[in-house]
Every structure is written in C-alpha cells, then in structure tokens.
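Examination of the molecular architecture
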Amino acid sequence: MNSKLFVLVSGALVVAALSGCGNYPQSSRGFRLPDGNAEKGQQAFLALQCNQCHQVDGVDFPAPKKFNLLLGGDTARLKTYGELVTSIINPSHVLSDKYQQQLTDSKESPMPKFNAEMTVEQLVDLVAFLQPRYKIVVPDYNPYPYYP
Ligand code: HEC
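Residues numbered from 1 in each chain as written. Predicted model: local features only at pLDDT ≥ 70, side-chain atom pairs only at ≥ 80, totals over all residues. Heavy atoms only, no water.

A look at the packing of helix 2 (residues 38–47) against helix 5 (residues 120–130)
- Contact pair helix 2 / helix 5: the axes reach a minimum separation of 7 Å and the direction vectors enclose 110°. Taken as axis vectors, helix 2 and helix 5 run roughly perpendicular relative to one another. Contacts between helix 2 and helix 5 involve Ala38, Lys40, Gly41, Gln42, Ala44 and Phe45 on the former and, on the latter, Glu121, Gln122, Asp125, Leu126, Ala128, Phe129 and Leu130.
- A class-by-class count of the residues in the contact of helix 2 with helix 5 yields seven nonpolar, three polar and three charged. (Axes fitted to C-alpha atoms, helices over the stretch in contact; angles between N-to-C directions. Helix = DSSP H or I, 4+ residues; strand = E, 2+ residues; numbered from the N terminus. Parallel < 35°, antiparallel > 145°, perpendicular 65-115°, else oblique. Contact = heavy atoms within 4.5 Å. Nonpolar A, V, L, I, M, F, W, Y, C, P; charged D, E, K, R; others polar.)

Quick look at the coordination of the iron atom of the ligand
- Of the protein atoms, only His54 (NE2) and Met111 (SD) coordinate the iron atom of the ligand, at distances of 2.0 to 2.2 Å.
- Taken together, the six donor atoms surrounding the iron atom of the ligand define angles of 87 to 179° at the centre, an arrangement classified as octahedral. Residue His54 is located in strand 1 (residues 54–56), and its partner Met111 is located in the loop between helix 4 (97–102) and helix 5; the two are separated by 57 residues in the primary sequence.
- Taking the relative accessible area as the measure of exposure, Met111 reaches 25% and is therefore partly exposed. (Donors = N, O, S within 2.8 Å, 3.2 Å for Na, K, Ca; no water. Tetrahedral: all angles 85-135°; square planar, octahedral: opposite > 155°, others 65-115°. Buried < 20%, exposed > 50% of the residue type's maximum accessible area, 1.4 Å probe, protein only.)

Digging into the site of the ligand
- Within the structure, the ligand sits among 23 residues, and Cys50, Cys53, His54, Ser96 and Met111 are positioned closest to it.
- The contact in question runs from an oxygen atom of the ligand to an N or O atom on the side chain of Ser109, over 2.7 Å.
- Elements with a contribution of two residues or more to the shell around the ligand: strand 2 (69–71) and helix 3 (81–89).
- Looking at the shell around the ligand, the element that brings in the most residues is helix 3, giving three residues. (Near = heavy atom within 4 Å. Polar contact = N/O pair within 3.5 Å; in protein donor to acceptor, adjacent residues only side chain to side chain.)

Side note on unusual backbone geometry
- With a phi angle near 60°, Gln49 is a residue other than glycine that sits in the positive phi range.
- By the element assignment, Gln49 lies in the loop between helix 2 and strand 1.

Focus on the packing of aromatic side chains
- The final tally for this structure, using the stated rule, is four aromatic pairs.
- Aromatic side chains Phe31 and Tyr81 sit 5.6 Å apart centroid to centroid with 75° between the ring planes, which places their arrangement in the edge-to-face category. Taken together, the residues Phe31 in the loop between helix 1 (3–19) and helix 2 and Tyr81 in helix 3 connect sequence positions 50 residues apart.
- Given the relative accessible area of 37%, Phe31 is considered partly exposed. (Phe/Tyr/Trp six-rings, centres within 6.5 Å; stacked < 30°, edge-to-face > 60°.)

Some remarks on helix 5
- Of all the eleven residues making up helix 5, eight are buried; the element is thus mostly covered by neighbouring parts of the structure.
- Considering only its buried residues, helix 5 is in contact with helix 2, strand 1, strand 2, helix 3 and strand 4 (134–136).

In structure tokens form, the structure reads like this:
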C-alpha cells in the first residue's frame, strides 16, 4: 500500500470508529421486543397460513402447498429477532439464502405482506415460536489439521 492510500484508509477507519455504530436514523439501536408466547405463535402461524409455504423444523404441520421453505433447523449464525421481524414484516428487505438458491432472477419476495391483518402480539409470538427452532451448529474447524 502506498503511503497516501494508507493515510486515506486509516483516516476513513478513524472517522468510522468515531461516528459510532448504529448512530443513524435507520439504526435498530434500542429495538427490543417484549417476550412472546411460543405456543400462541404456533397458533398464529396456522391462523395466518404461514404453513402454506413453510415447514418449521421439529413441528408437524400439514405439508406446504405453494413453496416449501424450511424455517429453523441448523444454521451457522444466530438468527436475531431483528432479522426474524424484518423477514416477516418486510419480506423483500433481505431475501433468504435458501430461496435465492432456488430463484436467482427475482428481487421481490413472493411472501405476502401480513402487516394489515397481523397483530403486533401475533408478530411477537411468531418470533418467540420461530427463534428457538434455529439451531447453531459450529462448523467443524480444526486449525491444526496435523494434530487431530
Ligand atoms: C406465499 C408463500 C409464503 C407465505 C404464505 C409465507 N411465506 Fe415466509 N417466505 C416465503 C418465501 C418464498 C420466503 C423466502 C424469500 C424471502 O426471504 O423473503 C420466505 C421467507 C420467510 C422468512 C425468512 C427465512 C430465512 O431463512 O431467512 C421467515 C422468517 C418467514 N418467511 C416467515 C413467515 C411467516 C411467519 C409467515 C406467516 C405470517 C410466512 N412466512 C408466510 C413465502 C411465504
């Protein structure tokens, strides 16, 4: 790296550090859901017919008819409730990896918007129902392959 570029890059890093993460209007800083009820979340899942397109890991729902996208199961990364709420109330914001593998040309989620009919309580309970279904699996990584 030449010295001019180095000064520029370190300057940018200092500015980023000083400005503090999450200090902008769209930040999720301060976002906190009340505790939900997983059992009522499961009822809401059926009442809103989420099971038309989703199966939930470890739960025996009637088979999905439109899509078959598994919610929950093994994941390498914690699913935060911020991510789950966003997937439910703003489905096109981040399209799920599993779905992108199926349809690469679509930028809009085919998941319907439930915001007009879903109550806040249902949303909170849905998150309480879904979040524990994701199981963190630590990738099998051995930094010393010659010393198992
Ligand atoms: C018509 C089909 C359909 C219905 C009904 C539906 N979804 Fe989805 N959902 C999808 C598709 C397709 C995706 C993947 C694209 C995306 O990420 O938006 C998805 C993604 C998700 C994700 C993100 C998954 C991930 O791994 O990131 C969550 C959470 C979710 N849906 C929850 C729900 C809940 C809760 C309901 C009911 C309130 C629901 N969905 C109803 C089709 C549907």
